[in-house]
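Residue-level structural notes
Residue-level listing of the chains:
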Amino acid sequence: MEDFEVIASIIQQERPTTTITTDTTLLHTQAVDGVEPRVIVTPDTSDDMAGIVQVLSNYPLTMLVSGGGTQLNEGGLPEHIDVLLKTTALKQVLEHEAPDLTCQCEAGITLEALQQKLALHGQHLAIDAPYPELSTIGGILAANSSGPKRFRYGIARDLVIGMRVIQANGEIARSGGRVVKNVAGYDLNKLYIGSRGTLGIIIEANFKLHPLPEKEQTLLLTADRLEDLIQTIIELTQSQLTPSAIELLTSDITTATSGRQITNGGNRYTLAVDYEGSTITIVRQIDETRKIANRHHTQIKHDLTGTEQDTFWRTVRNHMHGILTCKVSILVSQLGTYIQDVERICHEHNLSASIVAHAGNGILFIELPVAEALYTHQDVSHVLEIVTLLRQRASEMAGFLIIERCPTQLKPYLDIWGETGGNFYLMQRLKQQFDPQGLFVRGRFLGGL
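What counts as what
- Think of each chain on its own: its residues are numbered from 1, step by step along the sequence as written.
- A pLDDT threshold of at least 70 governs which residues receive local features in this predicted model, and a stricter bar of 80 or more applies before side-chain atom pairs are shown or counted, although totals over entire chains, interfaces and linings include all residues.
- Think of the side-chain values as coming from all heavy atoms in the structure, minus any hydrogens and water.
- A pair is scored as a salt bridge if a Lys or Arg side-chain nitrogen falls within 4 Å of a carboxyl oxygen belonging to Asp or Glu.
- In this text, helices come from DSSP runs of H or I with a minimum length of four residues, and strands from runs of E with a minimum of two, each type numbered from the N-terminal end.
- Only when DSSP finds a minimum of two bridges between them are two strands counted as paired.
- Orientation is described by lines fitted to C-alpha atoms, with helices fitted over the stretch in contact, and by angles between N-to-C directions that extend from 0 to 180 degrees.
- Throughout this description, buried means an accessible area under 20% of the type-specific maximum (1.4 Å probe, protein chains only), exposed means over 50%, and partly exposed covers the range between.
- The arc in question is the one spanned by the directions pointing from the helix axis to the C-beta atoms.
- We call two residues in contact whenever any of their non-hydrogen atoms come within 4.5 Å of each other.
- Here roughly perpendicular refers to angles of 65 to 115 degrees, roughly parallel to angles under 35, roughly antiparallel to angles over 145, and oblique to all remaining angles.
- Crossings are classed by handedness, with left-handed meaning an anticlockwise turn of the near helix from the far one by less than a right angle and right-handed meaning a clockwise turn.
- Each residue gets one of three labels, nonpolar for Ala, Val, Leu, Ile, Met, Phe, Trp, Tyr, Cys and Pro, charged for Asp, Glu, Lys and Arg, and polar for the others, Gly among them.
- One less than the number of residues in a helix, times 1.5 Å, gives the span that helix is expected to have.
- Pairing of aromatic side chains here covers Phe, Tyr and the six-membered ring of Trp, requires ring centres within 6.5 Å, and sorts the geometry by plane angle: under 30 degrees stacked, over 60 edge-to-face, intermediate tilted.
- In protein, a polar contact requires one atom able to donate a hydrogen and another able to accept it; more generally it is a pair of N or O atoms within 3.5 Å, and residues adjacent in sequence count only if both atoms are side-chain atoms.

Concerning the pattern of salt bridges
In this structure the tally under the stated criterion is 18 salt bridges. Of the charged contacts, one joins Glu-74 and Arg-405 as a salt bridge, the two residues approaching to 3.6 Å between their closest N and O atoms. Of this pair, Glu-74 sits in the loop between strand 3 (63-66) and strand 4 (83-86) while Arg-405 sits in strand 19 (residues 400-405); the two residues are 331 residues apart in sequence, bridging distant segments of the chain. Note that Glu-396 is salt-bridged to Arg-393, the shortest N-O span being 3.0 Å. Of this pair, Glu-396 and Arg-393 are both found in helix 14 (residues 377-396), three residues apart, which corresponds to roughly one turn of the helix.

The structure is reproduced here in structure tokens:
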């Protein structure tokens, strides 16, 4: 502990504006899956952060980077945390070239704050990650987080055109550039995005932007049979229509998000289809959607606009993060079959799962209603059996399942990320090359990286 205090003193001397916190109460609130950091360090500038990383790299310490903290409890159990390095002071929009539809910002700015600044110029960043008021740009990129509108706009990897990253030795590396059309070369941006902070610390990002749409309208559709909704989804994705999002929701989520009882009788699912653009374009697309729905015995029950629509989509995004949430990626054509298997497996185990699906992308979030505290071995075994069956079924259909969130006490028993696959050795070599001393906390990412 004495050596650690010396290190903290060195940091404070070299970077006097840096905030260093050792208050035990605050450290407890920042615990990740029960593992508390020994100190919290919040630099004022990216240069200060790089200098701090350089100091830390000279000692046998571990470090975890945090922004808004909305996704820190995702992934496996961290082995040990000496330093929790906060990016929240890095919250500037460094450059906004409105005519070029590009911007450069620091990693600690929240998505909501960035969107508000861009909206002043009639533009937005087409990422609708959960909890935008808390989620920072750096955290969103590190987790490759996205929302329902990924169907139209893609994910973070599709929108980033450049980054600045602090490497494990404290040096700042640049990748990409500030223009949409960059020169040929290795695309290091994609290497850092989704790496969960295991290869470097994202401190700045350059994005390509989109104009704010003139209008937005969401249709809520229902049908007597799930198969009819699935066929509606398939035809929508194969048509010339350009919905921004196609979400399939269980009725409990639909009622909670819209405040309306949409389904009737035994109808368990609702399809939400979102359109953005000019009024003329939206009217035409809604008319075509109605024709597609009629062909598959599907009805448009409601349409949402304005505040009601905003509330609906915000709740849908945030609803993906329950106490135990499985994320499944599967072929769109297999979506209906897999959902039926989920219902069968849950019924056999006396559960009723809630589902939010990015139906146009074949991504499902399955929330299992388990208690946050599991008291007996039987409780744990029950949950493990369900997750194992869901993962096995996804694998049989050429898909895969990861545990998005779960109680900490389950993590030693669950394989959070699933099988590593044949290319895992490449990830291990990259980790060794980018972080040879193991500065960035291990245990949370695939295969314990």
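A look at the sheet that holds strand 10 (residues 201-208)
Across the sheet, five strands lie side by side as 5-6-10-8-9; this open sheet has antiparallel pairing. Where the open sheet ends on each side, the last strands, each with one partner, are strand 5 (93-97) and strand 9 (172-176). Mean inter-strand twist for the sheet, computed between neighbouring axes without regard to direction, equals 10°. As judged from the six bridges shared by strand 8 (residues 160-166) and strand 10, these two strands associate in the antiparallel manner. From the neighbouring strand, Val-160 faces strand 10, where its bridge partner is Phe-207.

What about helix 15 (residues 424-434)?
When we look at burial in helix 15, the residues that qualify are Phe-424, Lys-431 and Phe-434. All buried residues of helix 15 fall inside an arc of 95° around its axis, so they share one side. More than 90 degrees from the buried face of helix 15, the exposed residues found are Arg-429 and Gln-433. Those residues of helix 15 that are buried lie in contact with helix 8 (188-192).

A word on the packing of helix 9 (residues 226-238) against helix 11 (residues 279-295)
Interaxial distance between helix 9 and helix 11 falls to 9 Å at its minimum, and their mutual angle equals 140°. Taken as axis vectors, helix 9 and helix 11 run oblique relative to one another. In this structure, helix 9 meets helix 11 at a crossing whose hand is right-handed. For the pair helix 9 and helix 11, contact is made by Thr-232, Glu-235 and Leu-236 and by Thr-289, Ile-292 and Arg-295, respectively. Tallied by class, residues from the contact of helix 9 with helix 11 come to two nonpolar, two polar and two charged.

Side note on helix 9
With 13 residues, helix 9 extends 19 Å from end C-alpha to end C-alpha; this agrees with the ideal 18 Å at 1.5 Å per step. Where helix 9 is concerned, the buried positions are Leu-226, Asp-228, Leu-229, Ile-230, Thr-232, Ile-233, Ile-234 and Leu-236. The secondary structure elements touched by the buried residues of helix 9 are strand 12 (215-223), strand 13 (245-250), strand 14 (269-277), helix 11, strand 15 (298-304) and helix 13 (335-348).

Considerations on the packing of aromatic side chains
What the rule picks out here adds up to three aromatic pairs. Taking the centre distance of 6.0 Å and the plane angle of 85° together, the rings of Tyr-192 and Phe-434 count as edge-to-face. Here Tyr-192, found in helix 8, pairs with Phe-434, found in helix 15; they are 242 residues apart in sequence, far enough to count as distant. The burial state of Tyr-192 is the same as that of Phe-434; both residues are buried.

Details of the environment of His-96
Examined against the element boundaries, His-96 turns out to sit in strand 5. Given a relative accessible area of 22%, His-96 falls into the partly exposed group. In this structure, the C-alpha to C-alpha distance between His-96 and Ile-109, residues 13 residues apart in sequence, is 14 Å. Each residue touching His-96, except ones within four places of it in the same chain, is listed here: Thr-102, Cys-103, Leu-118, His-121, Gln-123 and Leu-209. A polar contact of 2.7 Å, which involves the side chain of His-96, links it to the side chain of Gln-123.

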